[in-house]
Amino acid sequence: MSSRKRRPVIAGNWKMNMTPSEAKAFAAELYEKVKGKRGCDIVVCVPAIDIPAVSKVLAGTAIKVGGQNVHFKKSGAYTGEISADMLLDAGAKYVVIGHSERRQYFGETDETVNLRTKAAVEAGLHAIVCVGELLSERESGITTEVVSRQVKLALAGITAEQMNNVIIAYEPVWAIGTGKTATAEQADEVCGIIRNVISGLYGKAVARQTIIQYGGSMNAGNAAELLAMENIDGGLIGGASLKADAFSVIVDAAQ
Ligand code: 13P
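The sections below set out a description of the structure shown in this document. (Residues numbered from 1 in each chain as written. Predicted model: local features only at pLDDT ≥ 70, side-chain atom pairs only at ≥ 80, totals over all residues. Heavy atoms only, no water.)

### A short note on the packing of helix α7 (residues 143-154) against helix α8 (residues 184-202)
Where α7 contacts α8, the axes come no closer than 10 Å and their chain directions differ by 45 degrees. Taken as axis vectors, α7 and α8 run oblique relative to one another. Relative to α8, the crossing made by α7 is right-handed. Along its contact with α7, which presents Thr-143, Thr-144, Val-147, Ser-148, Val-151 and Lys-152, the element α8 presents Val-190, Ile-193, Ile-194, Val-197, Ile-198 and Leu-201. (Axes fitted to C-alpha atoms, helices over the stretch in contact; angles between N-to-C directions. Helix = DSSP H or I, 4+ residues; strand = E, 2+ residues; numbered from the N terminus. Parallel < 35°, antiparallel > 145°, perpendicular 65-115°, else oblique. Left-handed = near helix turned anticlockwise from the far one by under 90°. Contact = heavy atoms within 4.5 Å.)

In structure tokens form, the structure reads like this:
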């Protein structure tokens, strides 16, 4: 399965950082750093309240905007929640789903990840679905089992055609925000396992074209090695996406 046919997607996940005013200024700075770099798709997944301001700054540029979560109902009495249509109307084209921080702190389960993924792709958003094992799971030797199960449950009911709008982000929980990156071989191995799971569900052709990102302490220093791996088609970047220079180096590494 050659990766040469897949266009990398470099996505920043700003997490709970940047007020709308800060976001506006930072988006303008980021655009200046990455403009003209056409070898990959670039996305910034920002706090929902920043989406209108960031979308306005980036309108007409190659940088796409995403949210960090989406509710699975179209509308209704769900105080504090945001629907897929709201994200789209505000300017988002992508949304992160099932990030480990949401699984850990906000009660996200494989079932709600699946509901959100279906709602997102049905509305026309690109879903960036996060999976990844805990350190204890890796140490117990059950990474393959855990990640395969997360992928299968997240994609239940998603059609082969809808897979065009699904990206899987492999984020080992022990590598997020810790400065501890998976080695390129470890990351590639699990991304390959994910590709095999997708092949089992949808066939080889879909598996070959699905974007599988790595996330977890990806930075300017290690991006090139990770992105050179066969099964790694991009990155979901936290901390380093908040620094325009570092993010721009990662974008260069994906060219
Ligand atoms: P860091 O790059 O800060 O480790 O975060 C990774 C992540 O969680 C991206 O979603």
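After presenting the structure, the write-up continues.
### Thoughts on the sheet that holds strand β8 (residues 234-237)
Taken in spatial order, the 8 strands close into a barrel running β1-β2-β3-β4-β5-β6-β7-β8, and their pairing is parallel. On average, adjacent strands in this sheet sit at an angle of 25 degrees to one another, irrespective of strand direction. Here strand β7 (residues 211-215) pairs with β8 via 2 bridges, running parallel. Pairing of Tyr-214 across the sheet is with Gly-235, part of β8. Contacts from helix α11 (residues 244-253) reach β1 (9-13), β2 (41-45) and β8, with the element oriented near 160 degrees to β1. (Pairing = 2+ DSSP bridges.)

### Topic: the nonpolar core
Formed by 67 residues in total, the largest nonpolar core has its most connected members in Ile-194 and Ile-198. Broken down by element, the residue count for this core peaks at 8 residues, all from α8. Counting residues in each nonpolar core, the second largest holds 12 residues, with Val-43, Cys-130, Ile-167 and Ile-211 among its members. (Core = buried A, V, L, I, M, F, W, Y, C linked by side-chain atoms within 4.5 Å. Buried < 20%, exposed > 50% of the residue type's maximum accessible area, 1.4 Å probe, protein only.)

### Comments concerning the pattern of salt bridges
With the rule as written, the count across this model stands at 12 salt bridges. Here Arg-6 and Asp-233 are joined by a salt bridge, their closest N and O atoms 2.8 Å apart. Of this pair, Arg-6 sits in the segment before β1 while Asp-233 sits in the loop between α10 (223-227) and β8, and the two are 227 residues apart along the sequence. For Arg-6, a relative accessible area of 6% gives the class buried. Looking at Asp-233, the relative accessible area reads 4%, which means it is buried. A salt bridge links Glu-108 to Arg-116; the shortest N-O distance between them is 2.6 Å. Residues joined by salt bridges that share partners form a network here, namely Arg-6, Arg-195 and Asp-233. (Salt bridge = Lys/Arg side-chain N within 4 Å of Asp/Glu carboxyl O.)

### Considering the layout of surface pockets
Empty space within the largest pocket amounts to approximately 530 Å³. Along its surface, the largest pocket is lined by 20 residues, and Met-16, Gln-68, Asn-69, Arg-102 and Phe-106 are the ones closest to its centre. Considering each element in turn, the lining of the largest pocket owes the most residues, 3 residues, to helix α4 (residues 100-105). Partitioned by chemical class, the residues of the lining of the largest pocket number 9 nonpolar, 7 polar and 4 charged. (1 Å grid on protein atoms, 1.4 Å probe; cavity = no way out; pocket = protein on both sides within 12 Å on 5 of 7 lines; lining within 4 Å. Points joined across faces, edges and corners; volume = space filled by probe spheres on them. Nonpolar A, V, L, I, M, F, W, Y, C, P; charged D, E, K, R; others polar.)

### Observations concerning helix α2 (residues 51-58)
The set of residues buried in α2 consists of Ile-51, Ala-53, Val-54, Ser-55 and Leu-58. Buried residues along α2 sit against α1 (20-34), β2, β3 (63-67) and α3 (84-90).

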